[in-house]
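A closer look at the structure
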Amino acid sequence: MKKIKILYPYLILFFLIFMGPVKVGPITFSQVWKIPLFVFLFWQVLIKGNDKKLGFIKWSYARATKNIVTANFSISYFYGIVDFIRYMMFPLMFEYAYRHIKNIRKLDKLLLGFAQFVIISGIPFTLGLLESKAKDVLSFKDFDSYSGMFQNSHGAAITTTTAVLILLAYIKSKSTLIRFPKLNYALLAYGIYLIYLTYIRTGYLMFVIGLIFLFLPKKLTLKQVLSGLGILILVGVGFYILLESNEAFYNRIFDIRNGKQTAAGSGRLLFWMASVELWYNGNIFEMIFGHGFFDLIMHMYQETGLPVYAHNEFFTQLGQNGLLGIIFFIGYLISLFKFILKRKTLPSYRLAMAIFFLYGSLMMTQGGMWFELDIFMVLVFVKLEFENVLRKRMFRNA
């Protein structure tokens with residue numbers, strides 16, 4: 001009975017994420033259930049609590065608040081408030097988790113459990129027992145892309161990639177939480193298969209970058225160099241075989257849709273140019289504070305035919321939140337990197353670095369806030385800070 005109760009939170013989470021894309025009036029179910037969560041976190045963290053905040057958390061709050069101060073907020077106030085809530089989730093969840101998770105062991109269980117849950121959630125979809133409710137912006141007639149319980153294939157790729165790397169980190173460290181190694185190795189292989197099924201190049205890039213930083217040694221030896229080259233050759237050969245044997249994979253990698261070559265990078269260069277053009281042609285106030293969500297999307301639609309973000313967080317922030325948006329975003333990244341670097345002697349340092357750089361690659365190629373990824377980042381960085389506090393206590397008591 002106790003084991004069944006442990007599953008309840010995961011079943012509820014599966015339902016909430018799975019139903020996320022369903023429309024509830026002008027918004028989605030995902031936005032509906034996150035509003036009370038936001039109110040709860042806001043009350044618990046910012047109203048009831050008054051703790052000293054880490055540098056990257058301050059930058060994160062500033063980055064979120066900037067969304068409600070734009071040149072055309074009166075027109076796109078709804079979207080500005082939505083983005084404010086979305087960007088606030090990360091710092092609020094971090095502070096709440098840091099206060100309420102009592103020890104590292106409990107945090108490890110949550111982190112590993114969530115990673116395993118994300119991978120296992122793909123089983124009913126790949127077996128055909130459930131049909132995804134995801135609604136991708138672009139549909140591909142020549143192949144099916146795995147979305148699972150997520151809102152789109154990008155969300156599936158981003159979250160599953162992070163889950164696989166976290167599971168791999170626990171296996172690599174021979175954690176005592178890995179009770180059935182063979183089963184977890186099988187789960188790891190299945191997770192990699194799910195990443196492949198998404199056909200999302202952003203996910204592939206994140207996976208490679210995450211692997212590099214997860215296994216990057218402090219000091220290189222000849223044996224490690226040779227082993228690294230062997231792995232690169234093996235991955236390269238496997239990639240080449242996939243390109244030659246799988247037409248859908250080949251078409252996705254080289255942006256061929258319905259037999260026609262499309263713009264390089266799914267039109268990303270066009271999106272970036274359109275965002276810069278919007279910002280450059282604005283007045284002084286718009287250049288500093290940004291044009292807001294609505295103007296950015298409408299300009300994208302006029303220039304590219306698609307009402308989308310710039311597919312790069314730097315360019316999205318430039319168009320939507322202006323120079324201040326860029327400053328807050330870069331400040332957040334630098335502060336977060338310093339937070340991790342100062343803790344380089346701790347056990348979770350390597351995993352935190354892998355998460356940081358895969359997040360950086362995501363911001364360069366896609367951008368935006370991804371709730372499930374936020375959960376992973378919160379748990380990893382809280383774990384790193386717990387280890388830092390524990391180390392300080394040990395030094396004081398020595």
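Calculation rules
- Residues numbered from 1 in each chain as written.
- Predicted model: local features only at pLDDT ≥ 70, side-chain atom pairs only at ≥ 80, totals over all residues.
- Heavy atoms only, no water.
- UniProt positions renumbered as here; feature names shortened; annotations may be inferred.
- Helix = DSSP H or I, 4+ residues; strand = E, 2+ residues; numbered from the N terminus.
- Buried < 20%, exposed > 50% of the residue type's maximum accessible area, 1.4 Å probe, protein only.
- Salt bridge = Lys/Arg side-chain N within 4 Å of Asp/Glu carboxyl O.
- Patch = residues over 30% accessible without salt bridge, like charges linked within 9 Å, V, L, I, M, F, W, Y side chains within 5 Å.
- Areas by Shrake-Rupley, 256 points an atom, 1.4 Å probe, with all protein chains shown as cover.
- Lys, Arg positive; Asp, Glu negative; His and termini not counted.
- Charge placed at Lys NZ, Arg CZ, Asp CG, Glu CD.
- Phe/Tyr/Trp six-rings, centres within 6.5 Å; stacked < 30°, edge-to-face > 60°.
- Lys NZ or Arg CZ within 6 Å of the ring centre and 35° of its normal.

Looking at an unreviewed UniProt entry, one finds the protein chain named O-antigen ligase family protein and attributed to Maribacter confluentis. As its UniProt record puts it under Subcellular location (unreviewed entry), the protein chain is described as follows: "Membrane".

Points about unusual backbone geometry
If you check the backbone angles, Lys 174 has positive phi at about 55° while not being a glycine. With respect to the helices and strands, Lys 174 occurs in the loop between α7 (153–172) and α8 (181–198). Phi is positive for Tyr 199, which is not a glycine, with a value near 55°. Relative to the elements of secondary structure, Tyr 199 occurs in the loop between α8 and α9 (201–215). A relative accessible area of 6% means that Tyr 199 is categorised as buried.

As for the pattern of salt bridges
Overall, the coordinates contain six salt bridges when judged by the stated rule. Two residues, Glu 313 and Arg 63, come together in a salt bridge whose shortest N-O distance is 3.1 Å. Here Arg 63 lies in helix α3 (residues 55–65) and Glu 313 lies in helix α15 (residues 313–341), a separation of 250 residues in the sequence. The exposure class assigned to Glu 313 is buried, which follows from its relative accessible area of 1%. A relative accessible area of 2% means that Arg 63 is categorised as buried. Between Lys 383 and Glu 387 there is a salt bridge whose closest N-O contact spans 3.4 Å. Linking Lys 383 with Glu 387, this pair stays in helix α17 (residues 371–397), spanning four residues, or about one helical turn. Residue Lys 383 shares its accessibility class with Glu 387, and that shared class is buried. Salt bridges linked by common partners bring Asp 108, Lys 383 and Glu 387 together as one network.

Here we look at a positive patch on the surface
Where like charges cluster on the molecular surface, the positive patch consists of Lys 52, Lys 58, Lys 392, Arg 393 and Arg 396. Here the positive patch gets three residues from one element, more than from any other, and that element is α17. Inspection of the secondary structure puts Lys 392 in helix α17. A relative accessible area of 44% means that Lys 392 is categorised as partly exposed.

Focus: the packing of aromatic side chains
Any aromatic ring pair is given by two values, namely how distant the centres are and how the planes are angled relative to each other. Applying the stated criterion across every chain, the model contains 33 aromatic pairs. Geometrically, the ring pair formed by Phe 40 and Tyr 96 is edge-to-face, given 5.5 Å between the ring centres and 65° between the ring planes. On the criterion of sequence distance, the pair formed by Phe 40 in helix α2 (residues 29–47) and Tyr 96 in helix α4 (residues 77–100) is long-range, its members being 56 residues apart. Residue Phe 40 is classed as partly exposed on the basis of its relative accessible area of 37%. A relative accessible area of 25% places Tyr 96 in the partly exposed class. Relative to Tyr 309, the ring of Phe 293 lies with its centre 5.5 Å away and its plane at 70°, an arrangement referred to as edge-to-face. Residue Phe 293 is located in helix α14 (residues 293–304), and its partner Tyr 309 is located in the loop between α14 and α15; the two are separated by 16 residues in the primary sequence. For the cation-ring pair, Lys 172 lies above Phe 215, with the distance from its terminal atom to the ring centre recorded as 5.4 Å.

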